[in-house]
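Observations on the model geometry
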Amino acid sequence: AQTVTQSQPEMSVQEAETVTLSCTYDTSESDYYLFWYKQPPSRQMILVIRQEAYKQQNATENRFSVNFQKAAKSFSLKISDSQLGDAAMYFCAYRSGNQGGSEKLVFGKGTKLTVNP
Amino acid sequence: GAVVSQHPSRVICKSGTSVKIECRSLDFQATTMFWYRQFPKQSLMLMATSNEGSKATYEQGVEKDKFLINHASLTLSTLTVTSAHPEDSSFYICSATSGIYNEQFFGPGTRLTVL
């Protein structure tokens, strides 16, 4: 079974600084997807960024980027120019490759990010 | 992105009663819906996966008779917590997807409190 590990229960960053959240995963599959979700205090899950395993290029979405190391099974999230609104729980998630997207997500335990003004 | 709603957002019930939570995909047809449970300061725990018109597939350790899931249409899935007890108090989240999307869309969640 696939597992996702987030080794940092809590992280903090100064506003406007950069922070990196770590995630490692374990799988024997070659086709899969990796996600970072944000859960603010409202508890609405928000997709931050997605990476397809077959793509070598790291995904980026504005201030958010990932460092995808397939061989090392590592998938870290970098948040640049941190803003107060970035404060939230961040969950790393894994999904097996499936054309229909109906495969379940496997979540890590989460990292609570605090942004200090 | 696609929108998923949940109703109610918050419910309080007495021990022994049943509670139904609805999950709707508002602007797309959801072939697959997922139900999660989240305890305070913890991650999401998948309870079951439901495909429209089929019986739900429950994760190991989840009681099928206690958590009844129905996915009768392409836009609606329901989770019924039967004979609820205080230990069933939790935050329940649904998500939905279809063949045209490559991600799950999450509802805003339902906070269940059983007295």
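These notes cover the structure that comes with them. What you see is a predicted model; the values in this text were computed from it and never measured.

Criteria and thresholds
Residues numbered from 1 in each chain as written. Chains lettered and ligands numbered in written order. Predicted model: local features only at pLDDT ≥ 70, side-chain atom pairs only at ≥ 80, totals over all residues. Heavy atoms only, no water. Disulfide = S-S within 2.5 Å. Helix = DSSP H or I, 4+ residues; strand = E, 2+ residues; numbered from the N terminus. Buried < 20%, exposed > 50% of the residue type's maximum accessible area, 1.4 Å probe, protein only. Phe/Tyr/Trp six-rings, centres within 6.5 Å; stacked < 30°, edge-to-face > 60°. Lys NZ or Arg CZ within 6 Å of the ring centre and 35° of its normal. Contact = heavy atoms within 4.5 Å. Buried area = accessible area lost by both parts, 1.4 Å probe. Salt bridge = Lys/Arg side-chain N within 4 Å of Asp/Glu carboxyl O.

1. Section: the state of the cysteines
Residues and elements named next belong to chain B. Going through the model one piece at a time under the given rule, you end up with two disulfides over all chains. The disulfide that involves Cys23 links it to Cys94, with 2.0 Å between the sulfurs. A torsion of 80° about the S-S bond marks the disulfide between Cys23 and Cys94 as right-handed. Separated by 71 residues along the polypeptide, Cys23 in strand β3 (residues 19-25) and Cys94 in strand β9 (residues 90-97) bring together distant segments of the chain. Given a relative accessible area of 0%, Cys94 falls into the buried group. No disulfide involves Cys13; its nearest neighbouring cysteine sulfur is the one of Cys94, lying 18 Å away.

2. Quick word on the packing of aromatic side chains
Here the structure, examined in full by the defined rule, presents 14 aromatic pairs over all chains. Summarising the aromatic geometry, the rings of A:Phe68 and A:Phe75 are spaced 6.3 Å apart at their centres and angled 85° between planes, so their arrangement reads as edge-to-face. Note on accessibility: A:Phe68 and A:Phe75 belong to one class, buried. One aromatic cluster is present, formed by A:Phe35, A:Tyr37, A:Phe91, A:Phe107, B:Tyr36 and B:Phe106 through successive ring pairs. The ring of B:Phe91 has A:Arg43 lying over it, and the distance from NZ or CZ to the ring centre is 4.1 Å.

3. Quick notes on the interface of chain B and chain A
Taken together, the 23 residues of chain B in the interface contact 24 residues of chain A. When chain B packs against chain A, the two sides together hide about 1800 Å² of surface, and 47% of this comes from carbon and sulfur. At the junction of chain B and chain A, the tally comes to two salt bridges. B:Glu103 serves as the salt-bridge partner of A:Arg50, at 3.4 Å between the closest nitrogen and oxygen. Listing elements by their share of the side of chain B that touches chain A, those giving two or more residues are β4 (32-38), β5 (44-51) and β9 of chain B.

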